[in-house]
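Breakdown of the fold
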Amino acid sequence: MEIWINPACSKCRSAISLLDAEGADYTVRRYLEDVPSEDEIRDVLDRLGLEPWDITRTQEADAKELGLKEWARDESARERWIAALSQHPKLIQRPIITAEDGTAVVGRTEEAVRDALSR
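This report concerns the structure included in the present document. (Residues numbered from 1 in each chain as written. Predicted model: local features only at pLDDT ≥ 70, side-chain atom pairs only at ≥ 80, totals over all residues. Heavy atoms only, no water.)

This part covers the overall build of the chain. The secondary structure content of the chain amounts to five helices and four strands. Element order for the chain, N to C, with α for helix and β for strand: β-α-β-α-α-α-β-β-α. In terms of overall size, the chain behaves like a compact globule, its C-alpha atoms giving a radius of gyration of 14 Å where 119 residues would be expected to give roughly 14 Å. Counting only C-alpha atoms and orienting by the principal axes, one finds that the chain spans roughly 40 × 25 × 25 Å. Among the 119 residues that make up the chain, the fraction classed as buried is 44%. Put simply, the chain shows about 6,200 Å² of open surface, and 43% of that area lies on carbon and sulfur atoms. Distance from the positive charge centre (17 side chains) to the negative charge centre (25 side chains) of the chain: 7 Å. (Helix = DSSP H or I, 4+ residues; strand = E, 2+ residues; numbered from the N terminus. Rg over C-alpha atoms; globule rule 2.2 N^0.38 Å. Buried < 20%, exposed > 50% of the residue type's maximum accessible area, 1.4 Å probe, protein only. Areas by Shrake-Rupley, 256 points an atom, 1.4 Å probe, with all protein chains shown as cover. Lys, Arg positive; Asp, Glu negative; His and termini not counted. Charge placed at Lys NZ, Arg CZ, Asp CG, Glu CD.)

Of all hydrophobic cores here, the largest spans 20 residues; its most connected members are Ile55, Ile92 and Ile96. Elements supplying a minimum of two residues to this core: helix 2 (38–48) and helix 4 (78–87). Ignoring sequence-local partners within four residues, the contact set of Ile96 consists of Glu2, Ile3, Trp4, Val44, Leu48, Ile55, Val105 and Val106. Met1, Cys9, Cys12 and Leu18 belong to the second largest nonpolar core, which has 14 residues in total. (Core = buried A, V, L, I, M, F, W, Y, C linked by side-chain atoms within 4.5 Å. Contact = heavy atoms within 4.5 Å.)

Here we take up the pattern of salt bridges. The tally for this structure, following the rule as stated, stands at eleven salt bridges. The closest approach of N and O atoms between Arg47 and Asp43, which form a salt bridge, is 3.9 Å. Taken together, the residues span about one helical turn, with Arg47 and Asp43 both in helix 2 at a distance of four residues. Close ionic contact of Glu60 with Arg57 constitutes a salt bridge, the shortest N to O distance being 3.1 Å. Through salt bridges with shared partners, one network takes in Glu38, Asp39, Arg42 and Glu79. (Salt bridge = Lys/Arg side-chain N within 4 Å of Asp/Glu carboxyl O.)

The next subject is unusual backbone geometry. Note the cis peptide between Arg94 and Pro95, where omega equals -10 degrees. Mapped onto the fold, Pro95 is located in the loop between helix 4 and strand 3 (96–98).

In structure tokens:
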């Protein structure tokens with residue numbers, strides 16, 4: 001199990017606390033420092049069953065500068081969104097937990113973190 005975190009994020013810290021309390025075996029990836037490649041983002045999206053715009057923090061300053069709210073949200077724009085997430089990792093929703101069964105969850109709630117633990 002791996003968890004992508006921003007240490008400044010309270011939801012990330014809560015997820016880590018829950019994983020620790022449950023004795024989970026996991027590795028931490030500080031994705032702002034160890035930026036995911038476009039291929040890694042595609043893999044996580046597949047595991048999540050989501051599209052890139054579903055895991056984009058559209059209220060971030062980078063999103064506003066890029067004008068993401070105006071971008072198309074369809075297959076033709078998918079690669080553009082993935083490139084933006086890789087080039088601007090602050091835009092990636094957090095924390096993302098990759099589960100042992102090959103799936104992933106966005107662990108913003110205790111229920112989502114527990115879901116990842118149960119897989």
